[in-house]
Amino acid sequence: MSMTTVIFYILSAILLFAAVRVVTAKNPVHAVLYLVLAFFTSSGHWLLLQSEFLAITLVLVYVGAVMVLFLFVVMMLDINIEQLREGFWRNLPVAATVGLIMAFEMVLILTNPHTGLADYKAGAALAADASNVKVLGRQLYTTYLLPFELAAIVLLVAMVAAIGLTQRNRKDTKVVDAGDQVKVRSQDRVRIVKMQAEKNVEAADTAESGEQQA
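Residues numbered from 1 in each chain as written. Predicted model: local features only at pLDDT ≥ 70, side-chain atom pairs only at ≥ 80, totals over all residues. Heavy atoms only, no water.

Draft legend 1. Structural view of unusual backbone geometry. For Gln 50, which is not glycine, the phi dihedral falls at a positive 60 degrees. Structurally, the position occupied by Gln 50 is in the loop between helix 2 (28–48) and helix 3 (52–76). (Helix = DSSP H or I, 4+ residues; strand = E, 2+ residues; numbered from the N terminus.)

This is the structure:
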């Protein structure tokens, strides 16, 4: 057994443990941290496959941005853990069945001789000037151009929808109109009100004291 195979099994064991703990952890913060660990071990698998670009992208995008955002959101929200875990054991058989079906489909794909994955050998020798970034770009913009464009459109729609949800006007939100602020005049902001002159304080006190003595 080679060293690469040993590292693969170690990373796979850590990945399976982290994935299980993401689902079974009672604390949402701990679940997010286990998900970060799962992404790190997945990047290790990409490194074993000599896909350095995908490995560093997984760390930078998911661990460095998405997971940090999830962690801040989970920590700032007041999540009721007991209510969140209601129905977990009731839905466990259905979730386990779906997971087993997906695992069985993945095994069929990996062992199917028509896909060419069964005969693939990890760590194959590459040319000195080989670039996995160039190969990935060529595959994205030639073979998988249509799925790539569809994924970009879906992400664009999701981004526009998120912006629209945050910018919607609520009834309890006070909105400032910049146009009205620019067109404001001093006559509209300052109003002079005529009032009667106030009584002299000393004279009023003298009159009150005279009435009390009388």
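Draft legend 2. Spotlight on the nonpolar core. If you look at the biggest cluster of nonpolar residues, it comprises seven residues: Val 32, Val 36, Phe 39, Leu 58, Val 63, Met 67 and Val 74. Going through the elements one at a time, helix 2 and helix 3 are the ones with two or more residues in this core. At four residues, helix 3 tops the list of elements feeding residues into this core. What Val 63 contacts, discounting residues up to four positions off in sequence, is Val 36, Phe 39, Phe 40, Leu 58 and Val 68. (Core = buried A, V, L, I, M, F, W, Y, C linked by side-chain atoms within 4.5 Å. Buried < 20%, exposed > 50% of the residue type's maximum accessible area, 1.4 Å probe, protein only. Contact = heavy atoms within 4.5 Å.)

Draft legend 3. A look at the UniProt feature "transmembrane region" (unreviewed entry) in the protein chain. Feature annotation in UniProt places "transmembrane region" (unreviewed entry) on residues 6–24, 31–48, 54–77, 89–110 and 144–165, given in this structure's numbering. A distance of 26 Å separates the end C-alpha atoms of residues 31–48, which is 100% helix and 0% strand. For the annotated span residues 89–110, helix accounts for 100% and strand for 0% of the residues, and the straight-line distance between the end C-alpha atoms is 31 Å. (UniProt positions renumbered as here; feature names shortened; annotations may be inferred.)

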